[in-house]
Amino acid sequence: MTAPTARTWFITGGSPGGFGMAYAEAALDAGDRVVLTARRTEPLRDWADTQPDRTLVLPLDVTDPAQARQAVATAEARFGGIDVLVNNAGRGWYGSVEGTPDSDVRHMFELNFFAVLTVTRAALPGMRARGTGWIVTMSSAAGLRAVTGFGYYSAAKHAIEGLTDALRDEVAPLGIRVLTVEPGAFRTQAYAGFADEPTRDTIDDYQPMLQQVRTAMIDQHGAQPGDPRRGARAVVEAMNQDPPPHRLVLGGAAFDAVTATLTERAADIRANERLSRAADFPTTPPTPR
């Protein structure tokens, strides 16, 4: 039996203790190669030095298209191509829909949506040329079930869901597969900044709700039920299925919340089927012969 060919992974958002590093370790455990990117690469140097023949650390601000193209080109030159792109970089923050400053909204979409598009577009030409590849994008359970107080983060992740659904169909004939991952609460550094960064929301009426959200995030930091390493291994297992799933919800609580939301949503739509169908022009019954 022929041994499987080692793959090259290109992973964004490689901060220690997060999903990026968990994906990197899972890929190395599988015998693959890893290009791990981050805005700050110093914390990753010791890790990269342990396996220099199979790892490459690159600086990357995912919101900078020129940097994204350069990082992809460097990875392709080093390892001959990118087989798996993991869009992991991103950040969540809270605020009311009405009161979040416009600059914060645009920054959130720039990082959580447009940056994903930027890196994906940079990696696709090489994948198309080789006729193979994987695009794994970290969405969120909030991309399928909006979270109160996280309206714009939820909106950005909903946009990711729509983008990846369309992309999946577009690139499937080209040999490229797309997997969207929706984690719930995982024990990363995602909640670390909530204690030190108060909301910039501009409307007092929403402050009680936002303080409740902030307190919940602070209390949960370090006690989230999800294990990033187990989550990354679950994604690798899903990729190896034939056929692989289109999306993978990670975490028991997230699975329960998402499936309940989708069930409720379907029931709500079906309850008004008559009104939905009444919006069409009347159909003319066929003339009897």
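Residues numbered from 1 in each chain as written. Predicted model: local features only at pLDDT ≥ 70, side-chain atom pairs only at ≥ 80, totals over all residues. Heavy atoms only, no water.

## Focus on the overall build of the protein chain
- Counting secondary structure elements, the protein chain contains 9 helices and 7 strands.
- For 289 residues, the compact-globule estimate of 2.2 N^0.38 gives 19 Å, and the C-alpha radius of gyration of the protein chain, at 21 Å, lies within 12% of that figure.
- Across its three principal axes, the protein chain shows a C-alpha extent of roughly 70 × 65 × 35 Å.
- When burial is assessed residue by residue, the protein chain has 45% of its 289 residues classed as buried.
- Of all intrachain contacts in the protein chain linking residues separated by at least 6 positions in sequence, the fraction that spans at least 24 positions is 70%. (Helix = DSSP H or I, 4+ residues; strand = E, 2+ residues; numbered from the N terminus. Rg over C-alpha atoms; globule rule 2.2 N^0.38 Å. Buried < 20%, exposed > 50% of the residue type's maximum accessible area, 1.4 Å probe, protein only. Contact = heavy atoms within 4.5 Å.)

## Here we look at the nonpolar core
- One finds Trp9, Tyr23, Trp47, Val136 and Val235 to be the most contacted residues of the largest nonpolar core, which totals 32 residues.
- For this core, the element with the highest residue contribution is helix H1 (residues 19–29), accounting for 8 residues.
- With 26 residues, the next largest nonpolar core counts Val35, Leu60, Ala122 and Leu124 among its residues. (Core = buried A, V, L, I, M, F, W, Y, C linked by side-chain atoms within 4.5 Å.)

## Concerning the sheet that holds strand S7 (residues 247–250)
- Across the sheet, which stays open at both edges, the 7 strands sit in the order S3-S2-S1-S4-S5-S6-S7 with parallel pairing between neighbours. Each of the sheet's edge strands pairs with one partner strand only, and the pair in question is strand S3 (55–59) and S7. Averaged over all pairs of adjacent strands, the angle between strand axes in this sheet comes to 15°, irrespective of strand direction.
- Packing of helix H3 (residues 65–79) onto the sheet brings it into contact with strand S1 (8–11), strand S2 (33–38) and S3, and relative to S3 it is tilted by some 165°. (Pairing = 2+ DSSP bridges. Axes fitted to C-alpha atoms, helices over the stretch in contact; angles between N-to-C directions.)

## Things to note about the packing of H1 against helix H7 (residues 228–239)
- Where H1 contacts H7, the two axes come as close as 8 Å, and the packing angle between them is 55°. Between H1 and H7, the angle is such that the two are oblique. Viewed along their axes, H1 and H7 form a crossing whose handedness is right-handed. Each of Phe19, Ala22, Tyr23, Glu25 and Ala26 in H1 lies in contact with H7, whose residues at this interface are Pro228, Arg229, Gly231, Ala232, Val235 and Val236.
- In terms of residue class, the contact of H1 with H7 is made up of 8 nonpolar, 1 polar and 2 charged. (Parallel < 35°, antiparallel > 145°, perpendicular 65-115°, else oblique. Left-handed = near helix turned anticlockwise from the far one by under 90°. Nonpolar A, V, L, I, M, F, W, Y, C, P; charged D, E, K, R; others polar.)

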